[in-house]
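# An overview of the molecular structure
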Amino acid sequence: GWGMASNTPFRLYKSNTHAGGVRVPFVISWPNGLDGARADGLRDQYQYVTDLQPTLLDLARVRRPRERHGRPLVPVDGVSFRPVLADATEVSTHGEQYSECFGNRSFYQDGWKLVSLHAFGAPYDDEEWELYELASDPTETVDLAAERPDLVKELSLAWEEAAWANQVFPLDDGNGLLMFLRRPEEAELREPV
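Residues numbered from 1 in each chain as written. Predicted model: local features only at pLDDT ≥ 70, side-chain atom pairs only at ≥ 80, totals over all residues. Heavy atoms only, no water.

Our focus in this paragraph is the pattern of salt bridges. This structure, assessed with the given rule, holds four salt bridges. The salt bridge partner of Glu 140 is Lys 113, with a shortest N-O separation of 2.8 Å. Taken together, the residues span a long stretch of sequence, with Glu 140 in the loop between β6 (129-133) and α4 (149-165) and Lys 113 in strand β5 (residues 112-116) at a distance of 27 residues. Across this residue pair, the class does not change: Glu 140 and Lys 113 are buried. In this structure, the salt-bridge partner of Arg 148 is Asp 150, at a minimum N-O distance of 3.5 Å. Overall, the relative accessible area of 30% leaves Arg 148 in the partly exposed class. Given a relative accessible area of 49%, Asp 150 falls into the partly exposed group. (Salt bridge = Lys/Arg side-chain N within 4 Å of Asp/Glu carboxyl O. Helix = DSSP H or I, 4+ residues; strand = E, 2+ residues; numbered from the N terminus. Buried < 20%, exposed > 50% of the residue type's maximum accessible area, 1.4 Å probe, protein only.)

Mapped onto the fold, Glu 127 is located in the loop between β5 and β6. Sequence separation of Glu 127 and Ser 116 is 11 residues, and the distance between their C-alpha atoms is 9.2 Å.

We now examine the packing of aromatic side chains. Overall, the coordinates contain three aromatic pairs when judged by the stated rule. Considering the side-chain rings of Phe 26 and Phe 81, the 5.9 Å spacing of their centres and the 85° angle between planes classify their relative orientation as edge-to-face. Of this pair, Phe 26 sits in the loop between α1 (19-22) and α2 (52-59) while Phe 81 sits in the loop between β2 (71-72) and α3 (82-86); the two residues are 55 residues apart in sequence, bridging distant segments of the chain. The positively charged end of Arg 105 is found above the aromatic ring belonging to Trp 129, 4.3 Å away from the centroid. The ring of Trp 112 is capped by Arg 148, whose NZ or CZ atom sits 5.4 Å from the centre of that ring. (Phe/Tyr/Trp six-rings, centres within 6.5 Å; stacked < 30°, edge-to-face > 60°. Lys NZ or Arg CZ within 6 Å of the ring centre and 35° of its normal.)

This brings us to the side chain of Glu 140. Residue Glu 140 is classed as buried on the basis of its relative accessible area, which comes to 1%. At a separation of 2.8 Å, a polar atom in the side chain of Glu 140 contacts the side chain of Lys 113. Setting aside residues up to four positions removed in sequence, Glu 140 forms contacts with Arg 11, His 18, Ala 19, Lys 113, Tyr 132 and Leu 134. (Polar contact = N/O pair within 3.5 Å; in protein donor to acceptor, adjacent residues only side chain to side chain. Contact = heavy atoms within 4.5 Å.)

A few words on α2. Where α2 is concerned, the buried positions are Pro 54, Thr 55 and Leu 59. Projected down its long axis, α2 shows its buried positions confined to an angular sector of 130°, all on one face. Contacts from the buried residues of α2 go to α3. Positive phi shows up at Arg 61, right after α2, with a value of about 55°. (Arc of directions from axis to C-beta.)

A few words on unusual backbone geometry. Positive phi outside glycine occurs at Arg 61, with the angle close to 55°. Structurally, Arg 61 is set in the loop between α2 and β1 (67-68). We classify Arg 61 as exposed; its relative accessible area is 60%. At Asp 110, a position not held by glycine, the phi torsion is positive, near 45°. When you line up the elements, Asp 110 lands in the loop between β4 (104-109) and β5.

What is shown is where atoms sit, not what they do.
As C-alpha cells, this is what we get:
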C-alpha cells in the first residue's frame with residue numbers, strides 16, 4: 001500500500017507544495033563558528049534546497065567551476081545563505097522561489113506564498129490559488145486570496161514566468177504519461193555517450 005508522511009503542524013505532505021510537502025528542518029554544526037565567530041541559535045529566514053550547494057561551497061571557500069570539458073556549466077539556482085548563518089538578523093538571501101509537483105504549484109516571494117492543491121484533471125487557473133502571509137500564518141491556514149486578488153495575479157504571473165524559464169511545462173498532474181516524453185530541448189540527451 002501507499003504510505004504518506006505528514007509534516008505536522010504544516011499542511012499536507014510530500015508531493016504537495018503546501019508547507020507540509022516542502023518545509024523541512026535543517027541543522028548545521030560548525031563548532032569553531034563562521035570565521036571564528038560563534039553564531040548559535042535558530043533562524044527563521046526563508047531559504048531553499050537549491051541554496052545548499054552554494055552555501056557549502058562558500059563555507060568551504062571553494063569556487064564552483066564555470067565550465068566542464070570546455071562547455072559552460074548552467075548557473076545554479078540557489079544562493080549562499082552564509083550571511084544568515086553568521087547573523088540571525090540578516091535577511092534571507094533567497095527572495096523568491098517557484099515549485100511544482102504533480103500539478104500542485106507554489107510561488108514564494110518576500111514572505112507571501114501562493115499555493116495550489118490541484119485536483120487531477122482540473123484546469124490550471126487562478127481560481128485554485130490560495131495566498132498566505134507566512135510571517136503571521138506559517139501553517140497556511142488563513143487563505144487571503146479573496147482579499148488580495150491583485151497579489152494573487154502578480155504572483156501567479158511570476159510563477160508562470162519562472163516555470164517557463166525552468167522548463168516546468170507541460171504540467172503533469174499525476175497521470176504519469178509525461179514521464180515517458182522528453183522535451184525538445186533534451187534531444188541531445190537521447191544521443192549515445
